[in-house]
Amino acid sequence: MMTPEASYNSLLSHYRKITALEQISEILSWDQQTVMPKKGGKNRAVQLSNLSGVIHALRTDPKIPDYIDAAKPLKSESDSILANLEEAKKQYTRSNLVPLKLCEELALTTCLTQESWLEAKKRNDFSLFLPKLEEMVTLKQSEADCLRQPGTKRYDMLLNDFEPEENSKNLKELFSDLKPKLIELRDKVLSSRTTIPKLTGFYSETKQLVMAAKIAQSLGYDFSAGRIDQTEHPFCSGSNADDIRITTRIDEKDPFYCLFAIMHETGHALYEQGIPKKMAYEPIGSYASMGVHESQSRLIENHIGRSATFCEYTAHLLKKIFSEVPFSNANELFKMVNKVKNGFIRTEADELTYDLHIMLRFELEEKLIEGSLKPKLLEEAWNAKFLKDFGIAVQNSSQGVLQDIHWSTGAFGYFPTYTIGNIYAACLHEKINTISTNTEEKMSLGDISSIRIWLKNNIHKHGRKLGARDLIEKATGKKISVQPLLNHLKTKFSRIYEF
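Just so it is clear, the model here is predicted, and its values are computed rather than measured.

Asks: Looking at this model, I keep getting lost on the packing of helix 14 (residues 354-370) against helix 15 (residues 378-390). Mind explaining?
Replies: For any two helices packed against each other, one specifies the crossing angle of their axes together with the interaxial distance. At a closest axis distance of 11 Å, the pairing of helix 14 and helix 15 adopts a crossing angle of 145°. In this structure, the crossing between helix 14 and helix 15 has a hand that is right-handed. Contact with helix 14, carried on its side by L356, H357, L360, R361, E363, L364 and L368, involves L378, A381, W382, K385, F386, D389 and F390 of helix 15 and no other residues of that element. Its residues assigned to classes, the contact of helix 14 with helix 15 comprises 9 nonpolar, 1 polar and 4 charged.

Asks: Mind showing me how you'd approach the pairing of strand 3 (residues 243-248) here?
Replies: In the case of a regular strand, side chains alternate between the two sheet surfaces. Taken across its 6 residues, strand 3 has 6 buried, putting it largely inside the fold. In strand 3, alternate side chains face the same way, and those of D243, R245 and T247 on one face and I244, I246 and T248 on the other are all buried. Note that strand 1 (residues 228-230) and strand 3 share 3 bridges and pair parallel. Bridge assignment links D229 to a residue of strand 3, and that residue is T247. Connecting the antiparallel pair strand 2 (residues 236-240) and strand 3 is a turn made up of 2 residues.

Asks: Which parts of the structure should I look at to understand the packing of aromatic side chains?
Replies: In this description, a pair of aromatic rings is defined by centroid distance and the angle of the planes. A full pass over the atoms with the stated rule returns 15 aromatic pairs. With a centroid separation of 5.1 Å and 85° between ring planes, the pair formed by Y203 and F322 is classed as edge-to-face. Taken together, the residues span a long stretch of sequence, with Y203 in the loop between helix 8 (168-190) and helix 9 (205-219) and F322 in the loop between helix 12 (308-321) and helix 13 (330-336) at a distance of 119 residues. For the pair formed by Y203 and F322, the shared burial category is buried.

Asks: Any chance you could explain the side chain of H488 here in plain terms?
Replies: Mapped onto the secondary structure, H488 falls in helix 20 (residues 483-497). Setting aside anything within four residues of it in sequence, one finds H488 in contact with H303 and E351.

Asks: Explain the pattern of salt bridges here, please?
Replies: Close approach of charged atoms lets side chains of opposite charge pair. Counted according to the given criterion, the structure contains 35 salt bridges. Between R464 and E87 there is a salt bridge, with the nearest N and O atoms lying 3.3 Å from each other. Taken together, the residues span a long stretch of sequence, with R464 in the loop between helix 18 (449-458) and helix 19 (468-476) and E87 in helix 4 (residues 79-97) at a distance of 377 residues. Residue E87 is classed as buried on the basis of its relative accessible area, which comes to 6%. A salt bridge links R186 to D187; its shortest N-O distance comes to 3.2 Å. We classify R186 as buried; its relative accessible area is 6%. Residues joined in a network through salt bridges with shared partners are R94, K140, E143 and D161.

Thresholds applied
- Residues numbered from 1 in each chain as written.
- Predicted model: local features only at pLDDT ≥ 70, side-chain atom pairs only at ≥ 80, totals over all residues.
- Heavy atoms only, no water.
- Axes fitted to C-alpha atoms, helices over the stretch in contact; angles between N-to-C directions.
- Helix = DSSP H or I, 4+ residues; strand = E, 2+ residues; numbered from the N terminus.
- Left-handed = near helix turned anticlockwise from the far one by under 90°.
- Contact = heavy atoms within 4.5 Å.
- Nonpolar A, V, L, I, M, F, W, Y, C, P; charged D, E, K, R; others polar.
- Buried < 20%, exposed > 50% of the residue type's maximum accessible area, 1.4 Å probe, protein only.
- Pairing = 2+ DSSP bridges.
- Phe/Tyr/Trp six-rings, centres within 6.5 Å; stacked < 30°, edge-to-face > 60°.
- Salt bridge = Lys/Arg side-chain N within 4 Å of Asp/Glu carboxyl O.

Just geometry here; none of it tells us what the structure is for.
If you want it as structure tokens, here you go:
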């Protein structure tokens with residue numbers, strides 16, 4: 001019979017195998033979206049499906065509960081041991097609820113559905129994506145049915161994969177408080193007579209990639225443990241703190257898209273690179289939730305990157321790289337990168353209207369999974385809701401229902417984490433402003449090291465040891481509230497639009 005120490009070490013050894021294979025799966029998915037040959041899709045789907053089956057077998061190994069039970073006497077020895085045992089038990093229980101065949105089918109379908117989405121988006125034709133979307137929705141409904149208990153909702157089961165212990169009822173209450181205030185502030189901004197300088201000119205791909213590297217480096221991204229590539233939909237991916245990769249998309253008429261995509265993805269990467277290496281292969285060696293993950297990217301992108309202070313650094317950098325930039329000073333750039341408009345594309349949305357895009361997606365995807373909205377009616381429902389929320393009519397599929405990759409990957413429940421992240425980011429930024437010294441002066445030079453260190457000590461280093469809300473509340477010393485976000489937005493946009 002093994003000692004508690006030996007059982008615990010056996011559990012960690014088992015998780016090293018699981019995590020290593022999951023990291024391989026991450027790299028294969030990164031390869032698919034960046035450099036894989038066009039004809040490689042079907043073969044990659046088979047690879048990922050089989051790999052998913054092997055991972056599932058390891059996750060449902062009957063030895064896991066034995067290891068956990070035998071290691072229980074160690075619980076009182078450290079918070080990390082207790083957290084690892086609890087997280088391992090949670091993951092084991094979840095994995096055993098979903099059959100192996102369904103896991104393999106989901107992995108196969110996800111890969112093929114991404115290919116279908118990309119082709120449909122390029123050809124601007126939702127009908128090309130619909131068959132695979134219908135298949136994906138059915139599979140995700142089946143997965144949710146495996147996970148849920150009587151009286152619970154399908155959607156909440158999928159949401160919990162990204163935001164543990166959260167539910168759609170809480171989100172609706174949160175969003176119902178936030179949405180009307182955002183609309184009120186948006187309408188006030190759009191009625192302002194303040195003129196914002198327009199972005200004009202041509203910005204080469206080569207120079208934008210130079211800009212991207214400079215920005216990521218200034219924010220603290222470790223290039224010896226990462227890289228930048230181009231893809232249709234920017235993302236951050238990798239295996240552990242020593243291999244975290246970010247991507248961007250280039251529009252040669254709009255360098256701001258690349259600029260803020262890089263800031264956003266660097267925020268994600270800093271979180272991953274900040275998780276202690278000793279935790280890398282442990283059950284808790286991951287992010288607390290996607291809401292917390294998004295808080296890191298939105299904090300870097302919006303509270304830092306779009307701030308008047310950081311624009312002093314960015315203005316200097318852009319002028320150095322692009323001679324044709326249409327602004328004369330940092331204040332003009334600050335106004336340009338915070339211009340508010342009712343645009344179609346979520347990833348190009350300003351900070352004020354962004355969460356309205358998220359709430360639209362949340363409402364639609366919940367109905368898809370619950371079965372009250374059929375996939376064949378999704379585009380019609382999207383267009384009608386967009387017209388109601390934004391007051392402008394969607395012209396084509398690519399600027400509407402096909403713009404995001406998430407549903408093609410089966411990531412139902414992911415979208416709300418962006419707004420949760422915005423709420424968390426504002427709470428964190430409010431706290432940082434009360435404790436940091438010389439932050440503004442350093443930011444004007446592109447140096448956010450003091451903020452990065454604070455985030456590492458208060459967020460990154462904990463991994464999944466704490467739940468999301470507990471983690472944010474412990475870091476800030478306050479209960480979660482939408483008020484810091486509303487205060488931040490009102491202060492910024494009343495300054496820019498002079499009201």
